[in-house]
Amino acid sequence: MGLTGLEIFKHLPKTNCKKCGFPTCLAFAMALANGKTSLDNCPDVSDEAKEALSSAAAPPIRLVKVGSGDNVLEMGDETEIFRHDKRFNHPTVVAIAVNDNEDIEAKIDTINGLAFDRVGQHYEVDMVALINASGDAATFKAAAEKAAAKTQKNFTLVTSDVAAMEGALQVLADRKPILYAANKDNYEKMTELAKANSCPLAVKGENLDDLAGLVEKIVALGYRELVLDPGSRDTSKVLADMTQIRRLAVRRKFRPFGYPTMVFTSKDDPQEEMLQAITYVAKYTGLVVLNTTKKELLLPLLSWRANVYTDPQKPVAVEPGAYEIGEVNENSPVYCTTNFSLTYFLVEGDVDATRIPSYIISVDTGGISVLTAYADNKFTAEKITAAIKEYGMEEKVKHRQIVIPGAVAVLKGKLEEESGWEVIVGPRESAGIQKFAKERFA
Amino acid sequence: MAVELLKEKYRSQVREVVLGATKEEGGTRSHTLKVGGESALPFLHFEGTIPNRPLVAMEIWDIVPEEWPASLKSFFEDVYDDPGAWAKKCVEEYGADLIAVRFKSADPDIKDASAEDCIATLKKVLEAVGVPLIVYGCGKAEKDNTIIGPLAEAAEGENLLLGVAEQDNYKSVASAAMAYKHCVIAQSPIDINIAKQLNILIAEMSTPLLDRIVIDPTVAALGYGIEYSYSIMERARFGALQGDRMLAMPTIANVGHEVWSKKESYISEEEQPGWGDQAERSMAWEAATAGALLQAGMDILVMRNPNAVGLIKKLIDDMMKG
Ligand code: B12
Ligand code: SF4
């Protein structure tokens, strides 16, 4: 259980010197209790006090690192229940299960290929969960060798057999995989192994009570690089457990749950499995292991993950300006859009696909989409006209034609009047630009 | 070690709205449906009750949906020139809880169909299926103001869910709902204050309507701004549970409408080789959008692809298990 403000206050210097940025030590203590500041901000706190307050000073959910070198994945360190309060920090790690008795090389090739470019972002499957399905230690080790040779991705090693884990670690220890999992029977040995190889250790409980008890025992052995699996597999139970773990860690500072979480999907049908994962990404899961390698199912999942983990406070924007797509010249078509990153990159992708070198004017709308900006008077005839001038379009091209998004067709008249340019109303969805350009500019 | 669960104590709950009316109740539906009534955040059965499962409505048009990609259109090839048969197929084959009829033909740029034409279609659909209905105009407010009233009158007592009342255009829809005993969709542009304000305006016309409002908070498709809709909904639902009665309405999302115009739903695998099979991807995009919104508290999902509908209904089955 976390400390209360008053409990923290007892350990502070009580000088009210304000160096922490708070008017009084008490105010600082209250803020600390709520996780709104960190103990480091008081320069005068004694070492004894630091020790006593370590639980209050620690973040509610520990930051756990998987992997090594340039290939480190961070998990945990979340501080929120709702994303509208503040950004969620570390996107759910997406892992694909590989059995040690299947065709490892083929499967890993497929997994390596699970990468997508969409709206200026690159999405990838992050991890291989190598499962000791054979139950045989030598097979597991051989599979680890094959897999390690085939991919730079991170690993979770899945076996409750300590000897099999040890064997696979001889191959993969440097890559700092997650060891899955410590349970009530093997936790002492698994903890030793994790410690000796400084690898994160997954802890699998049979339920929340069991999980909390197991975590305490492992922490008592002096290890804290943990990832929690509450053991539930039914979708609504996983939702309930993930919610409790997050709430208890963040709101109650319940230490046994102050670690990132993980879960395996349980549906045989890949589409149903994807929907389970959609739910888990929404609600607090640090790592999800899936079986499917279907691109058409992973693309929506990874897109959803990107959506959930964007910053709710500030829209992602691109620099306003005139962008050159391809080898432009004075006859190149000119498109205009907003500087909301999502909007801009959709348009950029579709203009690029026309293979006709073109300009895109990204008008400064404060990083909001076409209709939002239009409704908020940030995407107006005046603003577009100013952008045409400011970005030197009158020098860059000979013609005087500009394509606007179909959604703001109503701007046509006013924009022609303001700018003196001929306004061409483009399609409503940027995806229509290819066909439109072929008819118009090819 | 026994973990003491953290259960929120909410002060309030979402209002429960009844859709449709049976013969005894003055309509012709075979059954009614209840929506809303939650006293907890989505599917958190441990701290409240979720008395009604979220509903899946399937959307049908009164014209051939030429703009739908072939992979979607093909499901309805045999029926899409007959809205009654189309509705029946959605209910009987695909398990739609409700039917949402969109009167596209009324669009002045399409057929500019009259209120009488639309009424004839509505009657066909009412006869073809027994489930409660949602009625949408063509999406152009001026025209919709001339058809929604007559449609509501022609179906008096059916307790339709009429769309859509907006802040600057709510009177005709709300008064039609009031006069002919229907429910009303109050649509706000992903803005909690506007959602509340609109409900207050509707309540000023008729207080009893408060228990017949379903909020459309406006959603975006996955990958097209859905995170804004998601967070607005989460905030609204949290506010409702904390006692804000003017936000405590069940919600509806036009999932199909958002998803099926987007690139991910129709671009072929040849054109976009990295994205996988178009038919399955588009279906998955709709299902994933709906699945994500369920986690924000959506009560009615208006969808198009039968396979996506099937998947979401299975997900809802799972989520409703306590
Ligand atoms: C997310 C969202 C917001 C977010 C904005 C996030 C952001 N960074 O933009 C927030 C919550 C902040 C917001 C606020 C408001 N919103 Co808003 N919002 C939406 C929503 C749900 C999605 C918008 C989105 O991100 N779309 C995705 C992007 C990529 O789309 P896009 O920019 O339009 O680009 C597409 C096309 O236009 C086209 N395209 C783009 N550029 C170009 C260029 C060319 C040349 C071509 C050919 C095509 C093209 O291709 C793109 C892909 O298809 C829509 C409803 C909806 N489902 O669309 C409402 C919507 C845009 N909002 C609306 C409104 C009214 C508002 C508010 C004014 C409400 C209010 N009073 O509070 C405020 C604005 C105040 C402000 N300063 O923010 C209305 C606009 C109504 C209208 N027709 O004018 C909408 C349509 C909702 C509705 N149905 O009423 N909104
Ligand atoms: S810096 Fe430390 S001693 Fe000074 S007011 Fe803040 S808490 Fe108190």
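Residues numbered from 1 in each chain as written. Chains lettered and ligands numbered in written order. Predicted model: local features only at pLDDT ≥ 70, side-chain atom pairs only at ≥ 80, totals over all residues. Heavy atoms only, no water.

*Asks:* How should the overall build of chain B be read in this particular structure?
*Replies:* Assigned secondary structure in chain B consists of 11 helices and 10 strands. For 322 residues, the compact-globule estimate of 2.2 N^0.38 gives 20 Å, and chain B sits close to it at 19 Å. Considering only C-alpha atoms, chain B reaches an extent of 65 × 55 × 35 Å along its principal axes. Per-residue burial for chain B yields a buried fraction of 65% across its 322 residues. For chain B, the exposed surface amounts to about 11500 Å²; the carbon and sulfur share of it is 49%. Treating the 32 positive side-chain charges of chain B as one cloud and the 49 negative ones as another, the clouds have centres 4 Å apart. (Helix = DSSP H or I, 4+ residues; strand = E, 2+ residues; numbered from the N terminus. Rg over C-alpha atoms; globule rule 2.2 N^0.38 Å. Buried < 20%, exposed > 50% of the residue type's maximum accessible area, 1.4 Å probe, protein only. Areas by Shrake-Rupley, 256 points an atom, 1.4 Å probe, with all protein chains shown as cover. Lys, Arg positive; Asp, Glu negative; His and termini not counted. Charge placed at Lys NZ, Arg CZ, Asp CG, Glu CD.)

*Asks:* Explanation requested: the site of ligand 2 in the structure shown.
*Replies:* Around ligand 2 lies a shell formed by A:Pro13, A:Thr15, A:Asn16, A:Cys17, A:Lys18, A:Lys19, A:Cys20, A:Cys25, A:Phe28, A:Cys42 and A:Pro43. Classifying every residue of the shell around ligand 2 by side-chain character gives seven nonpolar, two polar and two charged. (Near = heavy atom within 4 Å. Nonpolar A, V, L, I, M, F, W, Y, C, P; charged D, E, K, R; others polar.)

*Asks:* Looking at this structure, I do not really get the interface of chain B and chain A. What am I missing?
*Replies:* Size of an interface, as often reported, equals the accessible area lost when the parts are brought together. The partner chain A presents 52 residues to the 55 residues of chain B that form the contact. Contact between chain B and chain A buries roughly 4700 Å² in total, counting both sides, with carbon and sulfur atoms accounting for 61%. For the interface between chain B and chain A, the tally reads nine salt bridges. Across the pair B:Glu234 and A:Lys283 runs a salt bridge, and its minimum N-O distance is 4.0 Å. Joining chain B to chain A, the criterion identifies 19 residue pairs in polar contact (both at pLDDT 80 or more). Those elements that place two or more of their residues in the side of chain B that touches chain A are α7 (226-241), α9 (263-266), α10 (278-294) and α11 (306-320) of chain B. Classifying every residue of the side of chain B that touches chain A gives 29 nonpolar, nine polar and 17 charged. (Contact = heavy atoms within 4.5 Å. Buried area = accessible area lost by both parts, 1.4 Å probe. Salt bridge = Lys/Arg side-chain N within 4 Å of Asp/Glu carboxyl O. Polar contact = N/O pair within 3.5 Å; in protein donor to acceptor, adjacent residues only side chain to side chain.)

*Asks:* Would you mind showing me how to read helix α15 (residues 381-390) of chain A here?
*Replies:* Within an α-helix, residues lying three or four positions from one another point in the same direction, as the helix has 3.6 residues per turn. Residues and elements named next belong to chain A. If you check which residues of α15 are buried, you get Ala381, Ile384, Thr385, Ala387 and Ile388. Down the axis of α15, the sector holding all buried residues measures 160°, keeping them to one side. For α15, the secondary structure elements touched by its buried residues are β14 (334-338), β15 (358-363), α16 (393-396), β16 (401-404) and α17 (412-419). Following α15 by one or two positions, glycine 392 has its phi on the positive side, about 70°. (Arc of directions from axis to C-beta.)

*Asks:* Would you explain the side chain of B:Glu227 in this entry?
*Replies:* Among the secondary structure elements, B:Glu227 is positioned in helix α7. Despite its burial, B:Glu227 remains without a salt bridge, the nearest opposite charge being carried by A:Arg83 at 5.4 Å. Residues within four places of B:Glu227 in sequence aside, it is in contact with A:Arg83, A:Asn307 and A:Thr310.

*Asks:* What's the story with the pairing of strand β2 (residues 73-76) of chain A in this structure? I'm lost.
*Replies:* The side chains of a regular strand alternate, first on one face of the sheet and then on the other. Residues and elements named next belong to chain A. With four bridges joining them, strand β1 (residues 63-66) and β2 adopt antiparallel strand pairing. Paired with valine 66 across the two strands is leucine 73, which belongs to β2. Hairpin connection from β1 to β2: six residues lie between these consecutive antiparallel strands, with glycine 67 at a positive phi of about 90°. (Pairing = 2+ DSSP bridges.)

*Asks:* What is the right way to look at the packing of helix α11 (residues 270-282) of chain A against α11(B) in this model?
*Replies:* Packed helices, taken two at a time, are described by the angle between their axes plus the distance between the axes. Running from N to C, α11(A) and α11(B) cross one another at 55°; their axes reach a closest spacing of 10 Å. The angle between the axes of α11(A) and α11(B) places the two elements in the oblique class. Remark: the crossing between α11(A) and α11(B) carries right-handed chirality. Residues A:Gln271, A:Glu272, A:Leu275 and A:Thr279 of α11(A) form the contact with α11(B), whose participating residues are B:Leu311, B:Ile312, B:Lys314, B:Leu315 and B:Met319. A class-by-class count of the residues in the contact of α11(A) with α11(B) yields five nonpolar, two polar and two charged. (Axes fitted to C-alpha atoms, helices over the stretch in contact; angles between N-to-C directions. Parallel < 35°, antiparallel > 145°, perpendicular 65-115°, else oblique. Left-handed = near helix turned anticlockwise from the far one by under 90°.)

*Asks:* So what exactly am I meant to see when it comes to the packing of helix α4 (residues 141-154) of chain B against helix α5 (residues 171-180) of chain B here?
*Replies:* Residues and elements named next belong to chain B. Running from N to C, α4 and α5 cross one another at 10°; their axes reach a closest spacing of 9 Å. Between α4 and α5, the interaxial angle falls into the category roughly parallel. Contact residues: Asn145, Ile148, Gly149, Ala152 and Glu153 in α4; Ser172, Val173, Ala176 and Tyr180 in α5. When its residues are assigned to classes, the contact of α4 with α5 shows five nonpolar, three polar and one charged.

*Asks:* Sorry, what's going on with the site of ligand 1 here?
*Replies:* Near ligand 1, the surroundings consist of 40 residues, among which A:Thr343, A:Ser369, A:Asp376, A:Glu429 and B:Asp191 are the closest. Residues near ligand 1 are shared among chains A and B, making this a multi-chain site. In this structure, A:Asp376 approaches ligand 1 through a side-chain N or O atom, which is 2.5 Å from a nitrogen atom. Residue assignment for the shell around ligand 1 shows that the elements contributing at least two residues are β14, α13 (341-353), α14 (370-375) and β16 of chain A. Sort the elements by how many residues they give to the shell around ligand 1 and α14(A) lands first, with five residues.

*Asks:* How should I be thinking about the side chain of B:Ser229 in this particular structure?
*Replies:* Residues and elements named next belong to chain B. Residue placement: serine 229 occurs in helix α7. Overall, serine 229 belongs to the buried group, its relative accessible area being 2%. In this structure the side chain of serine 229 is engaged in a polar contact, spanning 3.2 Å, whose partner is the backbone nitrogen of alanine 220. Once residues lying within four places of it in the same chain are set aside, the contact partners of serine 229 are Ile190, Thr218, Val219 and Ala220.

*Asks:* What's the story with the domain arrangement of chain A in this structure? I'm lost.
*Replies:* For chain A, the assigned domains read domain 1 (5-57), domain 2 (63-308) and domain 3 (321-440). A separation of 53 Å is found between the C-alpha centroids of domain 1 of chain A and domain 3 of chain A. (Domains from an automatic or database assignment.)

*Asks:* Just checking my understanding: could you explain the pattern of salt bridges for this structure?
*Replies:* Pairing between side chains of opposite charge can happen when their charged atoms approach one another. On inspection of all chains with the given rule, the structure shows 43 salt bridges over all chains. The partner of A:Arg247 in a salt bridge is B:Glu47, with the nearest N and O atoms 2.9 Å apart. One end of the pair, A:Arg247, is in helix α10 (residues 235-251); the other, B:Glu47, is in the loop between β2 (33-36) and β3 (55-61), on a second chain. What makes A:Arg247 buried here is its relative accessible area of 3%.

*Asks:* Where do I start with the sheet that holds strand β12 (residues 287-290) of chain A in this structure?
*Replies:* Sheets are built from strands that pair by backbone hydrogen bonding, the pairs being arranged parallel or antiparallel. Residues and elements named next belong to chain A. Here eight strands make up an open sheet; going across it, the order is β10-β9-β8-β7-β6-β3-β12-β11 and the pairing parallel. On the outer flanks of this sheet lie β10 (226-229) and β11 (262-264), each paired with one strand and no other. Taking each pair of neighbouring strands and ignoring which way they run, the sheet shows an average axis angle of 25°. Here strand β9 (residues 201-204) runs beside β10; their pairing, made up of four bridges, is parallel. Each residue of the ladder has a partner; that of lysine 204, found in β10, is aspartate 229. Packed on one face of the sheet, helix α12 (residues 295-308) meets β3 (93-99) and β12 and runs near 150° to β3.

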